[in-house]
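Residues per chain, in single letters:
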Amino acid sequence: MTVNGERVTRDVEPRMLLVHFLRETLGLTGTHWGCDTSNCGACVVLIDGEPVKSCTTLAVMCEGQEVRTVESLERNGQLDPIQQGFHETHALQCGFCTPGMLMTTRALLDDNPSPTEHEIRTAISGSICRCTGYKNIVAAVQWAAYHENATHHQEA
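Residues numbered from 1 in each chain as written. Predicted model: local features only at pLDDT ≥ 70, side-chain atom pairs only at ≥ 80, totals over all residues. Heavy atoms only, no water.

S.K.: Looking at this structure, I do not really get the overall build of the chain. What am I missing?
M.R.: Regarding its fold elements, the chain presents five helices and five strands. If you list the helices and strands of the chain from N to C, you get β-β-α-β-β-β-α-α-α-α. For a compact globule of 156 residues, the expected C-alpha radius of gyration is about 15 Å, and the chain comes in at 15 Å, within 12% of that figure. Taken over the C-alpha atoms alone, the chain extends approximately 45 × 35 × 25 Å along its principal axes. (Helix = DSSP H or I, 4+ residues; strand = E, 2+ residues; numbered from the N terminus. Rg over C-alpha atoms; globule rule 2.2 N^0.38 Å.)

S.K.: It is not clear to me how helix 1 (residues 18-25) should be interpreted in this structure. Could you clarify?
M.R.: Because the α-helix completes a turn every 3.6 residues, residues three or four places apart line up on one side. Buried within helix 1 are the following residues: L18, V19, H20, F21 and L22. Summarising the contacts, the buried residues of helix 1 are in contact with strand 1 (2-3), strand 3 (44-47) and strand 5 (66-68). (Buried < 20%, exposed > 50% of the residue type's maximum accessible area, 1.4 Å probe, protein only. Contact = heavy atoms within 4.5 Å.)

S.K.: Quick question: what am I supposed to make of helix 2 (residues 81-88) here?
M.R.: Taken as a whole, helix 2 has its buried residues at I82, Q83, G85 and F86. Summarising the axial view, the buried residues of helix 2 lie within an arc of 160 degrees, below the 170-degree limit, and thus occupy one face. The residue sitting at the N-terminus of helix 2 and contributing the capping side-chain oxygen is D80; that oxygen lies 2.9 Å from the backbone nitrogen of I82. Note on helix 2: the residue one or two positions beyond its end, H90, has a positive phi of about 55 degrees. (Arc of directions from axis to C-beta. Polar contact = N/O pair within 3.5 Å; in protein donor to acceptor, adjacent residues only side chain to side chain.)

S.K.: Would you explain the sheet that holds strand 4 (residues 50-53) in this entry?
M.R.: Through backbone hydrogen bonds, the strands of a sheet pair up, either in parallel or in antiparallel fashion. Spatially, 2-1-5-3-4 is the arrangement adopted by the five strands of the open sheet, whose pairing is mixed. Of all the strands in the sheet, the pair left with one neighbour each is strand 2 (6-7) and strand 4. As judged from the four bridges shared by strand 3 and strand 4, these two strands associate in the antiparallel manner. Opposite I47, over in strand 4, you have E50 as the bridge partner. Most of the contacts of helix 3 (residues 98-111) go to strand 3, to which it runs at about 35 degrees, and overall it touches strand 3, strand 4 and strand 5. (Pairing = 2+ DSSP bridges. Axes fitted to C-alpha atoms, helices over the stretch in contact; angles between N-to-C directions.)

S.K.: Can you walk me through the pattern of salt bridges in this structure?
M.R.: Two side chains carrying opposite charge are able to pair once their charged atoms lie near each other. For the structure on display, the rule yields five salt bridges. E13 serves as the salt-bridge partner of R15, at 2.7 Å between the closest nitrogen and oxygen. Relative accessible area serves as the criterion here: at 46%, E13 is assigned to the partly exposed category. Linking R106 and E148 is a salt bridge whose minimum nitrogen-to-oxygen distance equals 2.6 Å. With R106 in helix 3 and E148 in helix 5 (residues 135-155), the pair connects residues that are 42 residues apart, well separated along the chain. Residue E148 is classed as buried on the basis of its relative accessible area, which comes to 13%. Here the salt bridges do not stand alone but share partners, grouping D80, R106, D110 and E148 into one network. (Salt bridge = Lys/Arg side-chain N within 4 Å of Asp/Glu carboxyl O.)

This is the structure:
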């Protein structure tokens, strides 16, 4: 599989979950391991661009696929707009859900550069945040969408 742009090959037990492969085998601890039942969303990564809960995905199922974790967002010291949006709007408190929220909303913006509030809330509905009440998370996604769109217009 390819993880964050780097081709990786490992022998793993067939029952190893992707979240454990990423955290324990590859040392990518940004993906959080929460509920083990795919309820909380803290473990969301992108597989071929789609948000997937890695606590219920077997690592072997990702053979030949591209996996992106939260570590892939920052590039050359530059935060991804969604990371910057979370910072600017104070969208995180304890931070446990944040990696999954970031990856879920990155996929949303990749698919829909100008989501409505309803579309944002629908996208994050599979992720639980026990601190924020989601208001600032929605604002962060709106911030990121606005700034990404403004940047694309300036480059054109």
